[in-house]
Amino acid sequence: MGEKKVILFIVEGASDEAALGSIMKEHFSGNEVQFVVVHGDITLKDYVSNDNILKKIKEQTEIVKSKYRYKKEDFIKIIHITDTDGVYIPEADVREADVKEVQYYEDHLEAKNVQKIIERNKHKGDILYKLRKTAKIDGIPYRIYFNSCNLEHVLYGQLKDYSDEEKQKLSDDFAERYEGKADEFIVFISDPIVAVSETYQKSWDYIEKDSNSLKRHTNMQLIFG
């Protein structure tokens, strides 16, 4: 591999990679940048629990190692990017409504089955707490960064239920806007309008409070610190 080392990004969807891939590759051009798309939220997969989440993250690194014939020592860090999906809000802010999919607002969310969402939130919240307290996975430095309520909310400023086609179109447009302008993206993502300007652990402390996990916040700026 020569002198270049690998930075592995774990993201939820193809549109996440489409929006951020070229920016990360430009900023970290001294290294190899690889993306693993989980196709959904790994913390909410049926087969993932608090007990096996670290193993499941390790499996994502194994996919890349196998594909590109990397060795463990080739990796310098794992950067995991996740949506908060309002998981930390008070139970009273999960409201029953006749809706097909969960509907997110900046002060509450609506769902057909309130108890199911409360259980989902606890499950995901427990896993996120474990991940944000994890410094290494399989000996590789690891950190998880959040977008609240989701990536589209942070990047495009609207909290709505985008279709996959809409997400892809927005991501492609976003990537084109910042093509060759990674520094401008860092300025954008560091703006106090969206950035939780704290240390890594304190940024997580903040997003866990009140209804902050529904509001437009991110700590992705810390990726570049």
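Residues numbered from 1 in each chain as written. Predicted model: local features only at pLDDT ≥ 70, side-chain atom pairs only at ≥ 80, totals over all residues. Heavy atoms only, no water.

K.L.:
What should I look at first to understand the packing of helix α3 (residues 114–132) against helix α7 (residues 200–207) in this one?
P.N.:
Packed helix pairs are characterised by how far apart their axes lie and by the angle those axes make with each other. At a minimum axis separation of 11 Å, α3 and α7 run at an interaxial angle of 165°. Between α3 and α7, the crossing angle belongs to the class labelled roughly antiparallel. Here α3 and α7 pass one another in a crossing that is left-handed. Of α7, the residues touching α3 (which contributes L128, L131 and R132) are Y200, Q201, W204 and D205. Broken down by class, the residue content of the contact of α3 with α7 amounts to 4 nonpolar, 1 polar and 2 charged. (Axes fitted to C-alpha atoms, helices over the stretch in contact; angles between N-to-C directions. Helix = DSSP H or I, 4+ residues; strand = E, 2+ residues; numbered from the N terminus. Parallel < 35°, antiparallel > 145°, perpendicular 65-115°, else oblique. Left-handed = near helix turned anticlockwise from the far one by under 90°. Contact = heavy atoms within 4.5 Å. Nonpolar A, V, L, I, M, F, W, Y, C, P; charged D, E, K, R; others polar.)

K.L.:
Could you clarify how one ought to interpret the pairing of strand β1 (residues 6–11) in this entry?
P.N.:
Within a regular strand, the side chains alternate between the two sheet faces. With respect to burial, β1 is a largely interior element, 6 of its 6 residues being buried. Across the two faces of β1 the burial is the same, with V6, L8 and I10 and I7, F9 and V11 all buried. By the bridge criterion, 6 bridges tie β1 to strand β2 (residues 32–37) in an arrangement that is parallel. Paired with I7 across the strands is V33, a residue of β2. Read from β1 through helix α1 (residues 14–27) to β2, the crossover connection turns out right-handed. (Buried < 20%, exposed > 50% of the residue type's maximum accessible area, 1.4 Å probe, protein only. Pairing = 2+ DSSP bridges. Right-handed = clockwise from strand over helix to strand, strands pointing away.)

K.L.:
Please clarify how the pattern of salt bridges should be interpreted in this entry.
P.N.:
When the charged atoms of two side chains with opposite charge come close together, those side chains can pair. Counting across every chain of the model gives 12 salt bridges. Where D85 meets K124, a salt bridge forms, and the shortest distance between an N and an O atom there is 2.8 Å. Of this pair, D85 sits in the loop between β3 (75–83) and β4 (94–96) while K124 sits in helix α3, and the two are 39 residues apart along the sequence. You'll find D85 and K124 in the same group, each marked buried. (Salt bridge = Lys/Arg side-chain N within 4 Å of Asp/Glu carboxyl O.)

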